[in-house]
Amino acid sequence: MLGAGYVGLVTGACFAELGHEVVIRDVLPERIEQLRAGEVPIYEPGLDEVLERNGDRLRFTLDVHEAVDGADFLFIAVGTPPTYSGDADLSAVWSVVDELPPELPGQPLVVMKSTVPVGTGEHVRARLDARGLTGVGYVSNPEFLAEGSAVADFMSPDRIVVGSFASEDADRVVELYKGVETEIVRTDVASAELVKLAANAFLSTRISFINEIANVCELVGADVVDVAHGVGLDRRLGPHFLRAGVGFGGSCFPKDITALKQLAGNSGYPFLLLQAVWEVNELQKRRVVAKLQKHLGSLRGRTVALLGLAFKPNTDDMREAPSRVIAYRLLAEGAEVRAWDPIARPDDLHGVELSDSVVDAVRGADAAVIVTEWPELRELATPEVREAMAQPLIVDGRNMLDPVATRAAGFLYEGIGRPRHASPAEPPARDRDRELSR
Ligand code: UDX
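Below is a short write-up of the structure.

Parameters and conventions
Residues numbered from 1 in each chain as written. Predicted model: local features only at pLDDT ≥ 70, side-chain atom pairs only at ≥ 80, totals over all residues. Heavy atoms only, no water. Pairing = 2+ DSSP bridges. Helix = DSSP H or I, 4+ residues; strand = E, 2+ residues; numbered from the N terminus. Axes fitted to C-alpha atoms, helices over the stretch in contact; angles between N-to-C directions. Contact = heavy atoms within 4.5 Å. Parallel < 35°, antiparallel > 145°, perpendicular 65-115°, else oblique. Left-handed = near helix turned anticlockwise from the far one by under 90°. Phe/Tyr/Trp six-rings, centres within 6.5 Å; stacked < 30°, edge-to-face > 60°. Buried < 20%, exposed > 50% of the residue type's maximum accessible area, 1.4 Å probe, protein only. Lys NZ or Arg CZ within 6 Å of the ring centre and 35° of its normal. Expected span 1.5 Å × (residues − 1). Polar contact = N/O pair within 3.5 Å; in protein donor to acceptor, adjacent residues only side chain to side chain. Salt bridge = Lys/Arg side-chain N within 4 Å of Asp/Glu carboxyl O. Near = heavy atom within 4 Å. Areas by Shrake-Rupley, 256 points an atom, 1.4 Å probe, with all protein chains shown as cover. Nonpolar A, V, L, I, M, F, W, Y, C, P; charged D, E, K, R; others polar. Core = buried A, V, L, I, M, F, W, Y, C linked by side-chain atoms within 4.5 Å.

1. A few points about the sheet that holds strand β9 (residues 336–340)
The strand order β10-β9-β8-β11-β12-β13 describes an open sheet built from six strands, whose pairing is parallel. If you trace the sheet from one side to the other, it starts and ends with β10 (352–354) and β13 (412–414), each paired once. Direction aside, neighbouring strands of the sheet carry axes that sit 20° apart on average. In the packing of helix α12 (residues 272–296) onto the sheet, contacts are made with β8 (303–307), β11 (367–370), β12 (393–396) and β13, and the angle to β12 comes to roughly 160°. Contacts from helix α13 (residues 322–332) reach β8, β9 and β10 within the one sheet, and its direction differs from that of β8 by about 175°.

Next comes the structure, spelled out in structure tokens:
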């Protein structure tokens, strides 16, 4: 496994769980030291147990020769972040390919796990051939791991996609997954590469779609939670990825939309729908500011508590997290921003004060914004929180609280796309009085 990042670690650990011998190689010495010491460098539920249980089948190394020596499969699981132009940065893929020793006995297969533009397989094939590694096969086997459920996603996937130039190469990869019950999708390499990008682009499209429906709900007096429920019961549509909120983030969706948009554009086709999906998501994060202004007027000098920083619960990952945009927008409006997250501890959120508890974050605050649906926030509408806040305004950016119960508990409540449950812009007298005494 070349790459001990999120995908490489989870995939390597799970292959060991299936009974295979796995050597995981990374270029970061501190990462390999940590792993050798039994520490797990990322937060992923269940991963530590899988690593521990399979310790005798797993090795960690900095040395590419040690990793590939005698290997039947050479999985590439390195990062492919977007560059300034929006194209995927494949430099880590090329360094791995170029580092492979010139002689690889035993006819190993190179298997691409990283998300790459369509056409990468052809290029890797050509580079392997140019290096004299003509006997080394190539297979595209994209990952569909969602953070927080990655181990389960590997063990019980919706499908395994295997794209190959030669069917016997695909057979070998399929055999490797013995023990995992699911549908196998065999394709050519380009189609496998596109399945990954298209799946993530479609999921993102569903989210931006329901967020736009939520915005319409706010204008016409409908409730997006009920609308999504009614829509999702149509078996042709299904209930998934229809939760309206403050937008999507993470290491995959924004990157993969950009990559697909760029890929289409470079090939001469402007992918207009994805441009809209992106734009809607950018606006969605920013709409929180207007919701706060509706109640508080100018945000200058106001204190806002952001509850949740990770791009979704059960991870400490803040890559492309909506919390980043919301935090900096609020700072730009002159607000003081406090933040709480149970595990994300960013050191690059400049100007934002990190709090150790929800109550500390909301103490004296003019508003609390739920940015990530951490389970502990279900109990947010308590007397303790209401008393601690300067004004009991909750903007529920994930529609996780019950609007009626929250208002009954003495809070002003704003959800996303739930106007029937929106609070009047005028705060109740008690809060006006408090405000006058500020
Ligand atoms: C995603 C894909 O699910 C996975 O298959 C792929 O391999 C990598 O990208 P991940 O980024 O870990 O996984 O998280 P996911 O659970 O899919 O959520 C992505 C973002 O969408 C989060 O910010 C989440 O809050 C948001 N989201 C999701 C919504 O806003 N509404 C929804 O209904 C669902």
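2. What about the packing of helix α9 (residues 189–220) against α12?
Put simply, α9 and α12 touch, their axes get as near as 9 Å, and they point 45° apart. Between α9 and α12, the interaxial angle falls into the category oblique. Our pair here, α9 against α12, has a crossing hand that is left-handed. Taken together, the residues of α12 that come into contact with α9 (itself represented by Ala-201, Ser-204, Thr-205, Ser-208, Asn-211, Glu-212, Asn-215 and Glu-218) are Leu-273, Leu-274, Val-277, Val-280, Asn-281, Gln-284, Arg-287 and Lys-291.

3. Things to note about the packing of aromatic side chains
Taken as a whole and assessed by the stated rule, the structure comprises nine aromatic pairs. Ring plane angle 40° and centroid distance 6.4 Å describe the contact between Phe-73 and Phe-75, whose orientation is recorded as tilted. By the burial criterion, Phe-73 is buried, and Phe-75 matches it. When the ring centre of Phe-144 is taken as origin, the NZ or CZ atom of Arg-159, which lies over that ring, is 3.7 Å away. Over the ring of Phe-144 we find Lys-196; its NZ or CZ atom is 5.8 Å from the centre of that ring.

4. Details of α9
In this model α9 runs 47 Å from its N-terminal to its C-terminal C-alpha over 32 residues, within 8% of the 46 Å that 1.5 Å per residue would give. Measuring from the side-chain oxygen of the N-cap residue of α9 to the backbone nitrogen of Ala-190 gives 3.3 Å; that N-cap residue is Asp-188. Phi turns positive, to about 80°, at Gly-221, one or two residues after α9.

5. Quick word on the pattern of salt bridges
The tally for this structure, following the rule as stated, stands at 26 salt bridges. Notably, a salt bridge pairs Arg-127 with Asp-98, separated by 2.7 Å at the nearest N-O pair. Pair noted here: Arg-127 is in helix α6 (residues 120–130) and Asp-98 is in helix α5 (residues 91–99), with a separation of 29 residues, a long-range link. The exposure class of Arg-127 is partly exposed, given its relative accessible area of 32%. For Asp-98, a relative accessible area of 37% gives the class partly exposed. For Glu-282, the salt bridge goes to Arg-286, with nearest N and O atoms at 3.1 Å. A residue pair is termed a helical-turn pair when its members lie 3 or 4 positions apart in one helix, as Glu-282 and Arg-286 do in helix α12 at four residues. The exposure class assigned to Glu-282 is buried, which follows from its relative accessible area of 18%. Several salt bridges share partner residues, and in doing so they unite Glu-147, Asp-317 and Arg-319 into one network.

6. Side note on the site of the ligand
Around the ligand, the surrounding shell holds 18 residues, and the nearest of these are Glu-147, Arg-243, Cys-252, Phe-311 and Lys-312. Leu-145 places a polar main-chain atom, nitrogen or oxygen, 3.2 Å from an oxygen atom of the ligand. Side-chain polar atom of Arg-398 to an oxygen atom of the ligand: 3.3 Å apart, as the coordinates give it. Considering the ligand on its own, with 660 Å² of exposed area, one finds that the protein chains cover 93% of that surface. With three residues, the single largest contributor to the shell around the ligand is α9. Of the residues assigned to the shell around the ligand, the class counts are ten nonpolar, two polar and six charged.

7. Remarks on the nonpolar core
Leu-9, Phe-15, Ile-24, Leu-47, Phe-60 and Val-173 are the most contacted members of the largest nonpolar core, which totals 37 residues. With residues near it in sequence (within four places) discarded, Leu-9 still touches Gly-3, Ala-4, Ile-24, Leu-35, Pro-41, Ile-42, Leu-47 and Phe-60. Core analysis: the next-biggest nonpolar cluster, separate from the first, contains 35 residues, Ala-244, Ala-321, Ala-327 and Ala-335 among them.

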